[in-house]
Amino acid sequence: MRILVTGGAGYIGSHTVLMLLEANHDVTVVDYLSNSSEEAVRRVGQLAGREAAFVRADITDEKALDDIFEAHYPDAVIHLASLKAVHESVSTPLDYYFNNVAGTIALLRSMERHAVRTIVFSSSATVYGDHNPKPFTETMTIGAMNPYGRTKEQVENILSDLGSSDERWRIAILRYFNPAGAHPSGRIGEDPQGTPNNLLPSIAQVAVGRRETFMVFGGDYDTRDGTCLRDYLHVVDVAEGHAAALRYLERNPGVYRWNLGSGEGTSVLEILHAFEAAVGTPIPFVITSRRAGDLPAIWADPSAALTDLGWCATKTLAQMCEDHWRWQKNNPLGYTVAHQNHI
Ligand code: UD1
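Residues numbered from 1 in each chain as written. Predicted model: local features only at pLDDT ≥ 70, side-chain atom pairs only at ≥ 80, totals over all residues. Heavy atoms only, no water.

Q: Got a minute to help me understand the packing of helix H1 (residues 11-22) against helix H2 (residues 38-48) in this structure?
A: Two measures define how a pair of helices packs: the angle their axes make with one another and the distance between the axes. Running from N to C, H1 and H2 cross one another at 30°; their axes reach a closest spacing of 9 Å. Relative to H2, the element H1 lies roughly parallel. H1 and H2 meet at a crossing whose hand is right-handed. Residues Ser14, Val17, Leu18 and Leu21 of H1 lie in contact with H2, whose contacting residues are Ala40, Val44, Leu47 and Ala48. Of the residues belonging to the contact of H1 with H2, the class tally is seven nonpolar, one polar and no charged. (Axes fitted to C-alpha atoms, helices over the stretch in contact; angles between N-to-C directions. Helix = DSSP H or I, 4+ residues; strand = E, 2+ residues; numbered from the N terminus. Parallel < 35°, antiparallel > 145°, perpendicular 65-115°, else oblique. Left-handed = near helix turned anticlockwise from the far one by under 90°. Contact = heavy atoms within 4.5 Å. Nonpolar A, V, L, I, M, F, W, Y, C, P; charged D, E, K, R; others polar.)

Shown next as structure tokens:
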């Protein structure tokens, strides 16, 4: 197939593009590089032994999207481009709604004009909000708690309405839990710009000496060690989830939702200690106050993805930490020296 990947230079995007190239698909990456690097696309090409086409464009620019569809005539779209920092979304909600919601509408309108009606959309476990019991299953009512989460929820609703309006649409909504790790080559991985928000990059930057102390956000939760539980899964498994969803859509029109998670909750301290085992030395940490908006424990029921897609998370916590560490150790400043500014 010819597949357009928005956000294909990013963390999940680069691993997904690599997997698609290895499966012999032709890939066009569209990325605005606001939190990603073209170097990732170059390295993916090296690893795959064949290149993805790259276009720097903003998904809110419908004219640019039309040009891309006319130049690359994709059969399907994997839509990952999105802003994703929760705290930032609280202070700049319009940027989030414009990029994530208006950008997706622009993309869908352009797809419709070019008769491309197959899309895999990157959603998030955050849409489940705080009212549902754990584990989260796809049939639960959703209700996100912050602007970022609501952009994902709104796009899910738009996709659902679109699927109802025209039975030719083939739509997969993937609700990621906590992607972690890096490609085992150590050549591509997560490279957040500025201070990282997410757990693994925060630990890894302390381990590599870019930051002094890792901060555990809250040690007084009602969990087995007092720290929050999340459902971590290896980014290579996440990439495989996209390929599996595309294969399913080839056979089945309609709108589908799947959790991508391991089905297990792991605590912040358990991750920290697994990372220390991968590094081979202790990592300095302090337990600080809770982060606003964090839920004590979140994990997926991933059984629908197994039943429908034959997909499950295959890689262990130790592999996630070893692979993430190899990437961080080999690329202490990420993809570019420009990142020195952020140390
Ligand atoms: C967060 C977002 C979620 C988003 C996801 C992907 C919140 C409340 N949730 O998920 O909506 O989809 O990122 O970007 O922001 N932790 C520390 N110290 C750190 C960093 C994290 O203790 O320096 C803890 C957090 O408190 C949390 C766990 O590690 O308990 C995982 O954090 P994170 O990686 O940010 O993921 P989520 O909070 O699950």
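Q: Is there a simple way to think about the environment of Asn100 in this case?
A: Checked against the element boundaries, Asn100 lands in helix H5 (residues 93-113). Of the residues examined, Asn100 reaches a relative accessible area of 4% and is grouped as buried. For the pair Asn100 and Lys84, spaced 16 residues apart in sequence, the C-alpha separation works out to 9.0 Å. Contact partners of Asn100, with chain neighbours within four places excluded, come to Ser82, Leu83, Tyr148, Thr151 and Val155. (Buried < 20%, exposed > 50% of the residue type's maximum accessible area, 1.4 Å probe, protein only.)

Q: Please explain the sheet that holds strand S2 (residues 26-31) as it appears in this structure.
A: Strand-to-strand pairing in sheets goes through backbone hydrogen bonds, with the strands running parallel or antiparallel. As summarised here, the arrangement of the seven strands in space is S3-S2-S1-S4-S5-S6-S11, forming an open sheet in which the pairing is parallel. Every interior strand has two partners, whereas the edge strands, strand S3 (53-56) and strand S11 (254-260), have only one. Taking each pair of neighbouring strands and ignoring which way they run, the sheet shows an average axis angle of 20°. In this structure, strand S6 (residues 170-176) lies alongside S11, joined through seven bridges in parallel fashion. Across the sheet, Ala172 pairs through a bridge with Tyr256, a residue of S11. (Pairing = 2+ DSSP bridges.)

Q: In this structure, what is going on with the environment of Gln319? I would like to understand it.
A: On the secondary structure map, Gln319 appears in helix H11 (residues 317-330). Separated by 45 residues in the primary sequence, Gln319 and Ala274 place their C-alpha atoms 9.5 Å from one another. Non-local contacts of Gln319, meaning those with residues more than four positions away in its chain, are made with His234 and Thr314.

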